[in-house]
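Next come the chains, spelled out residue by residue.
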Amino acid sequence: MNWEQLLSLRRKGDTNKRLRNEQDETRLGFDVDYDRIIFSSAFRSLQDKTQVIPLSKTDFVHTRLTHSLEVSVVGRSLGRLAGKKILEKHPYLKEVHGYQFNDFGAIVAAAALSHDIGNPPFGHSGEKAIGEYFKSGNGREFKNELTEKEYQDIIDFEGNANGFKLMTQDREGVSGGLRLSYATLGAFMKYPKESLPKKPTKHIADKKFGYFQTEKSSFKEVASDLGLRQTADGNSISFARHPLTFLVEAADDICYTIIDFEDGINLGLISEDYALEYLIKLVKDTINTKKYHSLAYKEDRLSYLRALAINTLIQDAVSIFMESETAILAGDFHVSLLGKSTYDAQISDIIDLSVRNIYQAQEVVEKEIAGYTIIADILDVYVHALVKKKKDNASNYHNLILQTLPEFYRRTSITLYEILLNTCCYVASLSDSSAVHIHNKIKGRQL
């Protein structure tokens, strides 16, 4: 893979190549990507989607929206630092094509901003709840009417694949979705493969999947334009990651490691003394002890350590990225950047403590359980109403139910697979509060 091709400014529908030298410096194509994402309705819904604590009443706790904004800021720094070093190593990118180090930051920032855009309500348990409905719930009845890959798409419903769908799918009168640059879409594609085979290798890019069968042609078009290395045979479409994806992933890893931990401390799920000890281990080489001890309040001490920790991990990730650039461009780098971090032991300690005290906290578990029921019930009502409509035997009740769906999701002149997938995507689009509200409505608990 080569950087010139990987930094493609092309968008869906373009007939001519977009050249970096011809870009308006006041608003680059990569900046346009960021703007289109942040103004999209899918991004807006993240303001009421779970990051750690579902339906939290505490203002401080992060939602998917605040998390995505923070990941984007960290991603921008990672991209700029790496971009500066890449241009020093490959000066022709600047001298011949006009690329600047800010371009790398803009691409990573936009991809990082959108990294959770396809995630359903109730956190990662929401993905599992959608899949379980079709794997072991009432949705299992459709298994024999779908191909193996179609069925796998929905029983392993994946927020990353839904994100790619949201940003690229055609709608009537709107071709190519948000029409983002292929460089940004490539950096977004964390798992550049289809749902089968599952985990064919231990390569981190094969851990999950990145597109549904409905987006296969769009995915291949983006991958081909970027020159991503194909890594599988004709029976499965799989590619090596876009190199900047590793920086997007690092930004996410840094934020959830440090900031979810911070949420746990502020919620009282992790004691301050215990937590500060863990963070100090991570920043012991850069901490100004005089400044630290001058801070009278917990929030200020925590904020200082958080900033130091994030900066420490940013510098470490960029160093690993540049040391591994040749392997990354060849598609032969198989782990996350933080997986090779100098601070791997400290990161593992923080994550282990977060898992025990935050992700498995009683409040989190109870709301995730409720989320399973809510998602299964909503899917059941809408799926069966749509299938009945397709088969021309819908009752008046089914027709009334369909009137509550957005018009785009009411279509029944499409395949069964597309109906089921679209319904999954509709449920995934709901915020936590919207899902609760709709559930109360369809169950007759609220008028």
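Right, let's walk through the structure included here.

Parameters at a glance
- Sequence order as written defines the numbering, with residues in each chain counted from 1.
- For this predicted model, a pLDDT threshold of at least 70 governs which residues receive local features, and a threshold of 80 or more governs which side-chain atom pairs are given and counted, while totals over whole chains, interfaces and linings are taken from all residues.
- The side-chain quantities take in all heavy atoms of the structure and omit both hydrogens and water.
- Helix and strand assignments come from DSSP, with helices taken as H or I runs of at least 4 residues and strands as E runs of at least 2, each series counted from the N terminus.
- The reference for a compact globule is 2.2 Å times residues^0.38; the radius of gyration itself is calculated from the C-alpha atoms.
- Relative accessibility under 20% of the residue-type maximum defines a buried residue, over 50% an exposed one, and the middle range a partly exposed one, all with a 1.4 Å probe and only protein chains included.
- Here, residues are in contact when the closest pair of their heavy atoms is within 4.5 Å.
- The Shrake-Rupley method, run with a 1.4 Å probe sphere, supplies the accessible areas, and residue values consider only the shown protein chains as cover.
- Residues are said to line a cavity or pocket when one of their atoms sits within 4 Å of a point; the points come from a 1 Å grid over protein atoms alone, cavities being sets where a 1.4 Å probe fits but cannot get out and pockets being open sets with protein on both sides within 12 Å along at least five of seven lines.
- Grid points are joined across faces, edges and corners, and a volume is the space filled by probe spheres set on the points.
- Only Asp, Glu, Lys and Arg are considered charged in this grouping, and only Ala, Val, Leu, Ile, Met, Phe, Trp, Tyr, Cys and Pro are considered nonpolar; every other residue, Gly among them, is considered polar.
- To estimate the expected span of a helix, subtract one from its residue number and multiply by 1.5 Å.
- Think of each axis as a best-fit line through the C-alpha atoms, taken over the contacting stretch in the case of a helix, with angles from 0 to 180 degrees between the N-to-C directions.
- Working rule for angles: under 35 degrees goes down as roughly parallel, over 145 as roughly antiparallel, 65 to 115 as roughly perpendicular, anything else as oblique.
- The sense of a crossing depends on the near helix, which, turned anticlockwise from the far helix by less than a right angle, makes the crossing left-handed and, turned clockwise, makes it right-handed.
- Think of it this way: a Phe, Tyr or Trp ring, Trp meaning its six-membered ring, pairs with another when their centres are within 6.5 Å, and the plane angle makes it stacked under 30 degrees, edge-to-face over 60, tilted otherwise.
- Put simply, buried Ala, Val, Leu, Ile, Met, Phe, Trp, Tyr and Cys residues joined by side-chain atoms within 4.5 Å make one nonpolar core.
- Residues scored as charged are limited to Lys and Arg (positive) and Asp and Glu (negative), so that His and the chain ends carry no count.
- For this document, the term salt bridge refers to a Lys or Arg side-chain nitrogen within 4 Å of an Asp or Glu carboxyl oxygen.
- Under this definition, polar contacts are N or O atom pairs within 3.5 Å; protein pairs additionally need one hydrogen-donor-capable and one acceptor-capable atom, and for neighbouring residues in sequence, both atoms have to be side-chain atoms.

**A short note on the overall build of the chain**
Then comes step 1: Along its length, the chain carries 21 helices and zero strands.
Then comes step 2: Rg of the C-alpha trace for the chain: 22 Å, near the compact-globule value of 22 Å for 447 residues, within the 12% margin.
Then comes step 3: Along the longest, intermediate and shortest principal axes, the C-alpha atoms of the chain span 70 × 55 × 40 Å.
Then comes step 4: Burial status across the chain gives 55% buried among its 447 residues.
Then comes step 5: When contacts within the chain are restricted to residue pairs at least 6 apart in sequence, long-range pairs at least 24 apart make up 73% of them.
Then comes step 6: Only carbon and sulfur atoms are counted for the fraction: they give 49% of the accessible area of the chain, which is about 19600 Å².

**Examining the layout of surface pockets**
Then comes step 1: Of the voids in this model, the second largest pocket is the one considered here, and its volume is about 380 Å³.
Then comes step 2: Those elements that provide at least two residues to the lining of the second largest pocket are helix H3 (41–44) and helix H9 (159–168).
Then comes step 3: Residues that form the lining of the second largest pocket fall into these classes: nine nonpolar, six polar and two charged.

**Quick word on empty space enclosed by the protein**
Then comes step 1: Counted according to the given criterion, the structure contains three cavities of 30 Å³ or more.
Then comes step 2: Around the largest cavity, the lining residues are Lys12, Met167, Thr168, Gly176, Arg179, Leu180, Tyr182, Leu185, Ser218, Glu221 and Val222.
Then comes step 3: For the lining of the largest cavity, the elements supplying multiple residues, two or more each, are H9, helix H10 (182–188) and helix H11 (216–226).
Then comes step 4: Sort the elements by how many residues they give to the lining of the largest cavity and H11 lands first, with three residues.
Then comes step 5: Broken down by class, the residue content of the lining of the largest cavity amounts to five nonpolar, three polar and three charged.

**Remarks on unusual backbone geometry**
Then comes step 1: Backbone torsion omega between Leu196 and Pro197 reads 0°, so that peptide bond is classified as cis.
Then comes step 2: Of note, Pro197 is situated in the loop between H10 and H11.
Then comes step 3: Of note in the backbone geometry, Phe122 takes a positive phi value of approximately 65° without being a glycine.
Then comes step 4: Phi is positive for Arg179, which is not a glycine, with a value near 50°.
Then comes step 5: With respect to the helices and strands, Arg179 occurs in the loop between H9 and H10.

**So, the environment of Thr257**
Then comes step 1: With respect to the helices and strands, the residue Thr257 is situated in helix H12 (residues 245–266).
Then comes step 2: Given the relative accessible area of 3%, Thr257 is considered buried.
Then comes step 3: Taking the C-alpha atoms as reference, Thr257 lies 19 Å from Ser125; in sequence the two are 132 residues apart.
Then comes step 4: Beyond its immediate chain neighbours, meaning those up to four positions away, Thr257 contacts Ile347, Ile350 and Ile351.

**Regarding H12**
Then comes step 1: Between its terminal C-alpha atoms H12 stretches 31 Å, which fits the 32 Å expected from 22 residues at 1.5 Å a residue.
Then comes step 2: Of all the 22 residues making up H12, 20 are buried; the element is thus mostly covered by neighbouring parts of the structure.

**As for the packing of H12 against helix H17 (residues 344–359)**
Then comes step 1: Where H12 meets H17, the axes come as close as 10 Å, and the angle between the chain directions of the two elements is 40°. One finds that H12 runs oblique with respect to H17. Regarding H12 and H17, the two cross each other, and that crossing is left-handed. Contact with H12, carried on its side by Tyr256, Thr257, Ile258, Asp260, Phe261 and Gly264, involves Ile347, Ile350, Ile351, Leu353, Ser354, Ile358 and Tyr359 of H17 and no other residues of that element.

**Overview of the packing of aromatic side chains**
Then comes step 1: Summed over all chains, the structure comprises 12 aromatic pairs.
Then comes step 2: Note on Phe246 and Phe333: the rings are 5.4 Å apart at their centroids and 80° apart in plane angle, and the pair reads as edge-to-face. With Phe246 in helix H12 and Phe333 in the loop between helix H16 (325–329) and H17, this residue pair connects regions lying 87 residues apart in the sequence. Just as Phe246 is buried, Phe333 falls in that class too.
Then comes step 3: The interplanar angle of 85° and the centroid separation of 5.3 Å between the aromatic rings of Phe408 and Tyr409 together place this pair among those described as edge-to-face.

**Observations concerning the nonpolar core**
Then comes step 1: Formed by 89 residues in total, the largest nonpolar core has its most connected members in Trp3, Leu78, Leu244, Phe261, Phe321 and Leu337.
Then comes step 2: Not counting residues up to four positions away in its chain, the partners in contact with Leu78 are Leu247, Ala250, Ala251, Ile314, Ala317 and Val318.
Then comes step 3: In terms of nonpolar packing, the next biggest core, distinct from the first, is built from 44 residues, Leu146, Ile154, Ile155 and Ala435 among them.

**Considering the environment of Leu295**
Then comes step 1: Topologically, Leu295 is positioned in the loop between helix H14 (289–294) and helix H15 (298–323).
Then comes step 2: Overall, Leu295 belongs to the partly exposed group, its relative accessible area being 21%.
Then comes step 3: Excluding residues that lie within four positions of it along the chain, Leu295 makes contacts with Asp300, Arg301 and Tyr304.

**Quick word on the packing of helix H7 (residues 124–135) against helix H18 (residues 362–390)**
Then comes step 1: One can describe the packing of H7 onto H18 by two numbers: an axis separation of 9 Å at closest approach and a directional angle of 45°. Classified by the interaxial angle, the pair formed by H7 and H18 is oblique. For the pair H7 and H18, the crossing hand works out as right-handed. Across the interface between the two elements, Ser125, Gly126, Lys128, Ala129, Ile130, Glu132, Tyr133 and Phe134 from H7 touch Glu368, Tyr372, Ile375, Ala376, Leu379, Asp380, Val383 and His384 from H18.
Then comes step 2: Here the contact of H7 with H18 is built from residues that sort into nine nonpolar, three polar and four charged.

**Description of the side chain of Asp432**
Then comes step 1: Turning to its location among the elements, Asp432 is positioned in helix H21 (residues 432–442).
Then comes step 2: Lys49 provides the closest opposite charge to the buried, unpaired Asp432, separated from it by 7.0 Å.
Then comes step 3: Reaching out from Asp432, the side chain makes a polar contact with the backbone nitrogen of Phe122 at a distance of 3.0 Å.

Read these as geometric descriptors, not functional statements.
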